[in-house]
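# Remarks on the overall topology
One letter stands for each residue in the lines below.
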Amino acid sequence: MLVPITAKPGTSRKNLTGSWRIMQKPHFLQKNCIACNRCLLICPEGCIEGDGKNTYHCDLDYCKGCGNCAAICPKDDIKMVPEETEL
Amino acid sequence: MREFIEGSAAVARTIRMCKPGLISAYPITPQTHIGENLVQYIADGEMECEFVNSESEHSSASIILGASAVGVRAYNSTSSQGLLLMAEVLYSIAGMRLPLVLTCANRAVSSPINIWNDQQDSVTLRDSGWIQFYGETNQEVCDLHIQAYRIAEDRNVSLPVMVCMDGYTLTHAVEVIDIPEQEQVDRFLPPFKPLHVLDPKDPVSMGVLYDPASYTETRYAIHETMREVLEMIPKVSAEFKEIFGRESGGLIQEYKTKDADKVIVAMGSVVSTVKEAVDEMRDEGEKVGALKVITHRPLPSQALYNSLKHIPQIAVLDKSISLGAAGPLCMDIRSVFQGKDASPKISGFVAGLGGRDITKDTVREIFDRLSGDQVSDQFIGLDVEQVINAT
Amino acid sequence: MATKHLFASGHTACSGCGQSMAARLVVDAAGPNVIIANSTGCLEVFSNMYPRTAWEVPWIHSLFENPASVASGIEAGLRSMGKLDEIRVIAQGGDGSSADIGFQAISGMFERGHDVLYVCYDNGAYMNTGVQRSSQTPFDANTTTTPPGKKSFGKKQYQKNLVAIFAAHGIPYSATASVAFPTDVQRKVKKALDIRGPKFLQIFVPCPLGWRHDPGLTYEVARLAVETGLFPVVEYVDGELASARSISDPKPVEEYLKLQGRFRHLFSAPGGEEEIKKIQAIADGNIRKYGLVKEKPKKEPEKEPEEKPKEEEPKEEKEVAELKKFTLEELAKFDGKEDRPAYIAYKGKVYDVSEKVLWDDGDHLGLHEAGKDLTEEIGEAPHEEDNVLELPVVGELEG
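Criteria and cut-off values
- Residues numbered from 1 in each chain as written.
- Chains lettered and ligands numbered in written order.
- Predicted model: local features only at pLDDT ≥ 70, side-chain atom pairs only at ≥ 80, totals over all residues.
- Contact = placed C-beta atoms within 7 Å.
- Nonpolar A, V, L, I, M, F, W, Y, C, P; charged D, E, K, R; others polar.
- Pairing = 2+ DSSP bridges.
- Helix = DSSP H or I, 4+ residues; strand = E, 2+ residues; numbered from the N terminus.
- Core = buried A, V, L, I, M, F, W, Y, C linked by C-beta atoms within 7 Å.
- Buried ≥ 20, exposed ≤ 12 C-beta atoms within 10 Å, placed from the backbone.
- Domains from an automatic or database assignment.
- Axes fitted to C-alpha atoms, helices over the stretch in contact; angles between N-to-C directions.
- Parallel < 35°, antiparallel > 145°, perpendicular 65-115°, else oblique.
- Left-handed = near helix turned anticlockwise from the far one by under 90°.
- Expected span 1.5 Å × (residues − 1).

## Focus on the interface of chain A and chain B
Listed by partner, the interface residues are eight residues for chain A and 15 residues for chain B. Each residue belonging to the side of chain A that touches chain B can be placed in one class, and the counts come to six nonpolar, one polar and one charged. Relative to strand 9 (residues 205-206) of chain B, strand 1 (residues 6-7) of chain A runs antiparallel, the two being bridged by two bridges. Bridged to A:T6 within strand 9 of chain B is B:M206.

What follows is the structure in C-alpha cells.
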C-alpha cells in the first residue's frame, strides 16, 4: 500500500502569504528607478517583478511587508506605507 | 557452481551478480570482508559500480539513501555499533519507501564492547519498517539477498530489506556454497525501476514535513505493505526454487514439528545446531522438533500459529534480550497465540549473548528445562561466580 | 515579464527572513538542472509541508546531519548513470547542521572529492528549534542556551573559521557571501557550479526573529556585518586566499550591534563596554588578516618640510608626464576578458578595476562594461563617484 510521500513543485503558491501583512506594504514610486534589480533580488518572497526602469512592482498576494526592498533601493524609489493606504 | 568459499565472500559474489550501481560501506568487525571483497572486484574491473568509502555508518547509510533516491540500486553492510549509529537513517529510508538492501552481520552491542555474535543489533531495528530476514546457512543468506532485491523493488512494496547473518559463525565460515549463474540472477531480478526519483525533468520534493493531519497514514501504509509482503514472500521463494533449484527463504521452516511434543523456535545459524540435536534426540525416541523463523519482520503470525498450534510445549531461543522484559522473539511468539484457541506453554530462554557458544548440550538443556514451569526470560549457561572471580 | 523563481512564493518563512532570500538566490543561480539535498532546519520546514512545496527543482530532505552524505550518494549515483555532466548537485543546511552536527559529513564529502556545492546558510544559531547556540553563534550573542545574566555576557566562545577550515580540505573553491550583496551571491554560486569538484559557500543571513531586529532591517544588518569587518566576504581558490571584499568606509561594530536585540545587554549591563571592545577587536583582526581596508595614499608633507616645495613641483610634472595616454580604441582593449586587465575611464582619467570584487571579467553587475568611458553612466550607479575616485589610476583619456 502506498500513500504519496512527495510534493509537487511550486505548490506553495496556493498559500497566499499576503494575508500575513497587517502593518505596511511597499509603494513602488516608479519615478527614479534605475532598474538595478536589487529589490527583485532581495525580496524574501520573490514576489517583485520588473523589466526596465520604473516598471518594478510586487505581488501583494505574497508580500509579507518586511520592507527590505525599500531599504535596498539606491534611489529611495520604494516607500513603505501603511497597509490601509490606497495605491 | 559449487565453490569452497568464505561466507562474506559469497555474499559479495551474490551482490556483484545483483549489479548495484553504488555501494557504500564502513569497516566494522565482523562484516568488513564483504566490502573488501566488493571493492576488489571493482578495482579489478570485474564489477561496474561506484564504491564510496564513507567516514561513518551514518554517512554510508545516507549515501545509499541518496543513490536510491536518484534511481540507482544500492547496497551497504554493517554490524552492531554501525547498525545502531545508522539507525535514524534506516528509519528515514523506510519512511521514504526506498528499496535498499543491507546486510547485518549480527554482533553484540556495547557496552561492554564485544565483537562476537548475538542478534541484539538487528532485533533493535525491528520496529523500523525494514523487512528482516535471518539466514540459517551461508547458502540461505546468499539466496536471501537476491530475493531481498526482488521483494524490495517490487513497485507495490518499495520497502528496504535487511538480511541478517550471524557474525563470525557465518561470515567467517568457509564452506561449500552453490554460487548461482549470472543468467539465473538476471532472469529472477529485473532492472530497478524506482517508484519516485529525483530528476530535473520531473522535479518533486522528497522528505517533506507531514503534520498530525497526514503523518499517520504514511505509517499505516508501511504497516499495510508489511502485511501484503507476508503473502509475497512465499511466492518469491517458490519462484526462486524454480529458477535456482533449491528451497531458500520464505517465512518459516518446520523441522520435524508435525508430531513433536516440544519445539524450539529460533532464528539464524543456531537453528542448524538445534536441528542436529533434534536428530540425535529423535533417535533416542524423543518427539522434538525445531522451527526456524526466517522472516522476523513482518512477523508471520498466521504461519507461526498454524505450525505451532498443536505443539504442547514451545521453547523460544533468543540470542538477544529486551532488557527488563524478555527475549524479543519470545514476546513475538506469545503474541501469536493471544486470543486464539490453542494455548501451549511458551517458555523463553536467552542464550548465546556476546558469542557464548550454543552447543547441542545447550539445546538439550533447553528441551529439558521446557518440561518445568513456564518461564519468560531464563538465561542458559549463566555463571556469575566465574565472572566475579575472574578479578 | 514574469520572473520564474525556482523557489516559489507562498513559503512560510518569517517576514524579512535572510535565509529565504539566500535560498532563492542560490537555486535561481543554479538553474533547473540541479538536485538539492537539504538538512532539517528552518529552510526545510518553511519551504514545504505536505502536500505543498516551494521547490521547483528535485529536492530531498532526510535528516539533520546528513545533507552532505545524501548529496554524496546522489552525486555518485548520477556518476554511475553517466548523468553528472547534465545535473549539478547542491547540499545545503544552516550553521547548526553545517558547523556542528553535520560537520563530519561535509568533511567526508570534501575529502572524497564529490562534485557537490555545499551551501551553509549562516544565521548564527539553531533557529528552527528556538534560537539555541551553535558554534557559529557570534561572541557575546544572546541565545536561549547562552543567555546573558549576572554571570554571563552570552556566548563565551568565538566562531570557527568555516571557510578556511573547508579550504584546508584542499577543495578548489571555498567562499563567503552575504545577502547584502545579492548579485555577488549569485555570481559565486554560478562560479562554484562551473567548477568540477567539491565547493563550499557560506552565506551570511540575518534572522529577524533570532537576532531581534525589525524584519525590514535584514539588508542593513547584513551590510553592516560586512562593513564593520565582522563578516569578511572572501574567496579561497585551491586553498589560497584569492579575493577579499574591501571595506571602503569601515563602521565601528556598535552600529551593527545596536540594531539587534541579541546584543542589547552589551549596551546596558555593567562591563558591556569592555565586551564591545572585544568584538571590535574581532572585527579589527579580520580587517588586518584579510587586508579589508585599503590605505588611502598619504600626502608627503610631513617627511621633508623645508625642501619640499622645490622637489614637489618636478615630481608632479613627472607624474603628469608619466601618465599613460589612452585613446578610446586603446582603452577598449582593456576589457577584462581572457586575463586582460580591466580599465574604465571617468572624467578624463583611466582607472584599473581588475581587482574589484564586483567587476567580474570586466563585467559590473551585468550593467556596465570595462574598456569604456563610463563618465555618463555614473548616474545609473547606486554609489557615488567616490567609489571610482578611490581606484588606482593608470592613465588619462585622450580627447
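On we go.
## Observations concerning the nonpolar core
By size, the foremost hydrophobic cluster in this structure holds 231 residues, and its most contacted members are B:I264, B:V265 and C:I74. In this structure, C:Y343, C:A345, C:V350 and C:L397 belong to the second largest nonpolar core, which totals 14 residues.

## Remarks on the domain arrangement of chain C
Accessible area lost when the parts come together is the quantity often used to give the size of an interface. Assigned domains of chain C: these are domain 1 (18-290) and domain 2 (308-397). Using only C-alpha atoms to locate each centre, domain 1 of chain C and domain 2 of chain C end up separated by 34 Å.

## Considering the packing of helix 7 (residues 138-153) of chain B against helix 9 (residues 215-244) of chain B
Residue and element names in this part refer to chain B. Contact geometry for helix 7 and helix 9: axes closest at 10 Å, N-to-C directions at 125°. It follows that helix 7 is oblique to helix 9 by the angle criterion. Between helix 7 and helix 9 lies a crossing of right-handed hand. Packed against helix 7, whose contacting residues are D143, Q147, R150 and I151, the element helix 9 presents V229, M232, I233, V236, S237, F240 and F244 at the interface.

## Notes on the interface of chain C and chain B
Across the boundary between the two partners, chain C contributes 38 residues, which contact 37 residues of chain B. Contributing elements (two or more residues each) for the side of chain C that touches chain B: strand 1 (34-38), strand 2 (48-49), strand 4 (59-61), helix 3 (67-80) and helix 5 (103-112) of chain C. Among the elements that line the side of chain C that touches chain B, the one with the most residues is helix 3 of chain C, at eleven residues. Taken together, the residues of the side of chain C that touches chain B sort by class into 21 nonpolar, 14 polar and three charged. Inspection of the sheet shows strand 9 of chain B paired to strand 4 of chain C by two bridges, in the parallel sense. Residue pairing in the sheet places B:M206 in a bridge with C:I60 of strand 4 of chain C.

## Some words on helix 3 (residues 57-69) of chain B
Residues and elements named next belong to chain B. For helix 3, which comprises 13 residues, the first-to-last C-alpha distance of 18 Å matches the rise-based estimate of 18 Å (1.5 Å per residue) to within 8%. Summarising burial for helix 3: 13 of the 13 residues are buried, a large majority. Positioned one or two residues after helix 3, G71 has a phi angle of 95°, which is positive.

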